[in-house]
Amino acid sequence: MSLLKDKKGLIMGVANERSIAWGISKKLANEGAELAFTYVGESLKKRVIPLADSLGSKLTIDCNVENEQQIKDTFENIKQKWGNIDFVVHSVAFSDKSELSGEYLGTSRHNFLNSMLISCFSFTEVAREAADLMKKGGSLLTLTYESTRVIPNYNVMGVCKSALETSTKYLARDLGKKGIRVNAISAGPIKTLAASAIGDAKFLYKWNEDHSLLKRNVNIEDVGNSALYLLSDLAAGVTGEIHYVDAGYNKVGMPDPKNIS
Ligand code: NAD
């Protein structure tokens, strides 16, 4: 079975082999997709190029989403090479580490705006550029984490994820008439570079493992499989969805008292 035969897509957000975007990329390539990758700056280029090569990708592009022109140039580059695109994975987030611990109340104006730009608004700009290259429809996917409840230390990123999830729904409305689907995966905690910036991350992994319905944490392969579904025609009738891949943790109202030590 080749669910993504003849499909071309852009992956934004591989930093290393532990990245969620990398787990997704492997699944998509395995189902026949041709992939392009973005990276941020020279140090990540050295990590991303060998990974992209290993999946047969011929297109890697430097794109810092803080820079609007770099987003436009990325899609111009894709237009020149491919003419059209079928899907985009937006797996990008950033906040100053010093504001991912302690109280949300202390969030600075600068970091609030920068975190929102990188972690939320970039998805809207990416969607706008990508939609121009999706003349026959397409699929956009972003990555989110708990936005409906309060998580210690997640602070400004939780606020960004709320806005990102709402953006997903508005983009799904705007682009639905063009046959472009827009969805988000809300993943449970996974040990990655970005997650390690969150205060008490080890406690977060342990808590989710102990109290999720499946009594385990998810991994980048779990997220990759769900991304494959959402990006392929298997999910042709699905848009504006926040799809939880968190071992059922979001359904827990209260941990089992027997599991509290
Ligand atoms: P990661 O560190 O591997 O990936 C984050 C990516 O964001 C990196 O590739 C980094 O280069 C990119 N990035 C940061 N600033 C950027 C900028 N200015 N321009 C372009 N790219 C930039 O970590 P990850 O956990 O794989 O994170 C991917 C996504 O998944 C993020 O949106 C994250 O919030 C989300 N997520 C992570 C978890 C988790 O527990 N790891 C859970 C749910 C959702």
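Right above here is the structure, for reference.
All of the points below concern the structure found in this document. None of these values were measured; they are calculated from a predicted model.

The rules behind each value
- Residues numbered from 1 in each chain as written.
- Predicted model: local features only at pLDDT ≥ 70, side-chain atom pairs only at ≥ 80, totals over all residues.
- Heavy atoms only, no water.
- Core = buried A, V, L, I, M, F, W, Y, C linked by side-chain atoms within 4.5 Å.
- Buried < 20%, exposed > 50% of the residue type's maximum accessible area, 1.4 Å probe, protein only.
- Helix = DSSP H or I, 4+ residues; strand = E, 2+ residues; numbered from the N terminus.
- Contact = heavy atoms within 4.5 Å.
- Near = heavy atom within 4 Å.
- Polar contact = N/O pair within 3.5 Å; in protein donor to acceptor, adjacent residues only side chain to side chain.
- Areas by Shrake-Rupley, 256 points an atom, 1.4 Å probe, with all protein chains shown as cover.
- Nonpolar A, V, L, I, M, F, W, Y, C, P; charged D, E, K, R; others polar.
- Patch = residues over 30% accessible without salt bridge, like charges linked within 9 Å, V, L, I, M, F, W, Y side chains within 5 Å.
- Salt bridge = Lys/Arg side-chain N within 4 Å of Asp/Glu carboxyl O.
- Lys, Arg positive; Asp, Glu negative; His and termini not counted.
- Charge placed at Lys NZ, Arg CZ, Asp CG, Glu CD.
- Axes fitted to C-alpha atoms, helices over the stretch in contact; angles between N-to-C directions.
- Parallel < 35°, antiparallel > 145°, perpendicular 65-115°, else oblique.
- Left-handed = near helix turned anticlockwise from the far one by under 90°.

## A closer look at the nonpolar core
So, step 1. If you look at the biggest cluster of nonpolar residues, it comprises 41 residues, and the most contacted ones within it are Leu10, Met12, Phe75, Ile78, Ile85, Val88 and Leu140.
So, step 2. When residues of this core are traced back to their parent elements, those giving at least two are strand E1 (8-12), strand E3 (59-62), helix H3 (68-82), helix H4 (109-132), helix H5 (155-176) and strand E6 (180-187).
So, step 3. Ranked by the residues each element gives to this core, the list is headed by H4, at 8 residues.
So, step 4. Sequence-distant contacts of Phe75, that is, excluding residues within four places in its chain, are made with Leu10, Ile85, Val88, Val126, Glu129, Ala130 and Leu133.
So, step 5. Counting 34 residues, the second-largest nonpolar core is a separate cluster that includes Leu28, Ala29, Val89 and Ile190.

## Brief notes about the site of the ligand
So, step 1. The ligand sits among 28 residues. The nearest are Ser19, Asn64, Lys161, Ile190 and Thr192.
So, step 2. In this structure, Ala15 approaches the ligand through a main-chain N or O atom, which is 3.4 Å from an oxygen atom.
So, step 3. Between the ligand and the protein, one listed contact pairs an oxygen atom with a backbone N or O atom of Ala194 at 3.0 Å.
So, step 4. For the ligand, the accessible surface in isolation is 810 Å², of which the surrounding protein chains cover 91%.
So, step 5. In the shell around the ligand, the residues fall into 19 nonpolar, 7 polar and 2 charged.

## Topic: a positive patch on the surface
So, step 1. Together, Lys79, Lys135, Lys177 and Lys178 line one region of the surface with positive charge.
So, step 2. Mapped onto the elements, Lys177 comes out in the loop between H5 and E6.

## Brief notes about the environment of Leu55
So, step 1. On the secondary structure map, Leu55 appears in the loop between helix H2 (41-54) and E3.
So, step 2. Judged by its relative accessible area of 27%, Leu55 falls in the partly exposed class.
So, step 3. Residues Leu55 and Ser226, spaced 171 residues apart in sequence, show a C-alpha to C-alpha distance of 19 Å.
So, step 4. Not counting residues within four places of it along the chain, the set of residues in contact with Leu55 comprises Trp22, Ser25, Lys26, Ala29, Leu35 and Phe37.

## Some points on the packing of H3 against H4
So, step 1. Between H3 and H4, the least distance of the axes is 9 Å, while the angle of their chain directions is 30°. The angle between the axes of H3 and H4 places the two elements in the roughly parallel class. Note that H3 runs across H4; the crossing there is right-handed. On the side of H3, the interface is formed by Glu68, Ile71, Lys72 and Phe75, while H4 contributes Glu125, Val126, Glu129 and Ala130.
So, step 2. Residues belonging to the contact of H3 with H4 are distributed by class as follows: 4 nonpolar, no polar and 4 charged.

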